[in-house]
Amino acid sequence: MSNFVPEHFAIEELIPPVPLLPKQMQQVYASNPQKLFRCFDQLALVTLDRLRKRYGSCLINNWKAFSPEDALDLSKKHIFRFSGYRPWECEEGATLSEHRMFRAFDCKFRNVSPPEIWADMQAKTNAPEFEHIQRIEAFEGMSWFHFDTGQHERYGEAVRVIGYRGNSAGLGEYLVNKVY
Ligand SMILES: [Zn+2]
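Here is what the cut-offs are and how they apply
Residues numbered from 1 in each chain as written. Predicted model: local features only at pLDDT ≥ 70, side-chain atom pairs only at ≥ 80, totals over all residues. Pairing = 2+ DSSP bridges. Helix = DSSP H or I, 4+ residues; strand = E, 2+ residues; numbered from the N terminus. Buried ≥ 20, exposed ≤ 12 C-beta atoms within 10 Å, placed from the backbone. Arc of directions from axis to C-beta. Core = buried A, V, L, I, M, F, W, Y, C linked by C-beta atoms within 7 Å. Contact = placed C-beta atoms within 7 Å. Axes fitted to C-alpha atoms, helices over the stretch in contact; angles between N-to-C directions.

### As for the pairing of strand 4 (residues 145-148)
Consideration 1: Summarising the sheet, strand 2 (residues 104-109) and strand 4 pair through four bridges and their orientation is antiparallel. Counterpart to A104 in the pairing with strand 4 is D148.
Consideration 2: Summarising the sheet, strand 3 (residues 135-137) and strand 4 pair through two bridges and their orientation is antiparallel. Bridging from a neighbouring strand, R135 pairs with D148 of strand 4.

### Here's the deal with helix 4 (residues 114-123)
Consideration 1: Every buried residue of helix 4 is accounted for by P114, I117, W118 and M121. Mapping the buried residues of helix 4 onto a view down its axis gives an arc of 100 degrees, with all of them on the same face. For helix 4, exposure combined with an orientation more than 90 degrees from the buried face picks out A119 and A123.

### Concerning the nonpolar core
Consideration 1: Residues L14, F40, F105, C107, M121 and V159 are the most contacted members of the largest nonpolar core, which totals 30 residues.
Consideration 2: If you list the elements that add at least two residues to this core, you get helix 2 (42-55), strand 2, helix 4 and strand 4.
Consideration 3: Top element by residues in this core is helix 2. It accounts for four residues.
Consideration 4: Setting aside its immediate chain neighbours within four residues, M121 contacts F130, V159 and L175.

### A short note on the sheet that holds strand 4
Across a sheet, paired strands are connected by hydrogen bonds in the backbone, their directions being either parallel or antiparallel.
Consideration 1: Read from one edge to the other, the open sheet built from six strands follows the order 1-2-4-3-5-6, with strand pairing classed as mixed. Because the sheet does not close on itself, it has two edges, and the strands there are strand 1 (58-59) and strand 6 (174-175).
Consideration 2: Alignment of strand 5 (residues 159-162) against strand 6, held across two bridges, turns out to be antiparallel. Counted as the bridge partner of R160 is Y174 from strand 6.
Consideration 3: Against the sheet, helix 2 makes contact with strand 1, strand 2 and strand 4, and its axis sits at roughly 10 degrees relative to strand 2, the strand it touches most.

So, in structure tokens, the structure goes:
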């Protein structure tokens, strides 16, 4: 039996450079990289594929395109390493970030901006691309689309909007037209 494997994303796009993974994950990677997809929330992976189908080219992590040395050189900020799974030791982001729980992605779409996607979500919160999304982050000037399938008090009934320092790019605390 095999596990769910996204159509549009390789495992390396969703994890940091392999030496930064927990030891157990490194061992799994060495024997069968595809197995690591099992760590992720399946509905988050499904959503990732659906967003990619609708909006086109989407970058998560790109460390694989660089040399192993550069991939591990955290001073090279143009290299994305932690836009998918983020190990507990990683200093980027919040302590309980959904990225650490394998259910958040920072999508950089080539042809569409985050505000355009937020507008789509407000108009069609239940579209297949958005139906499993539970939380988004939104603030003015954001250059990536963060979504996750994390929990909140209105789980399944609304999309929680996480702003930054009181700024949520004009969106309310929830996108509420979510119906199951
Ligand atoms: Zn994020």
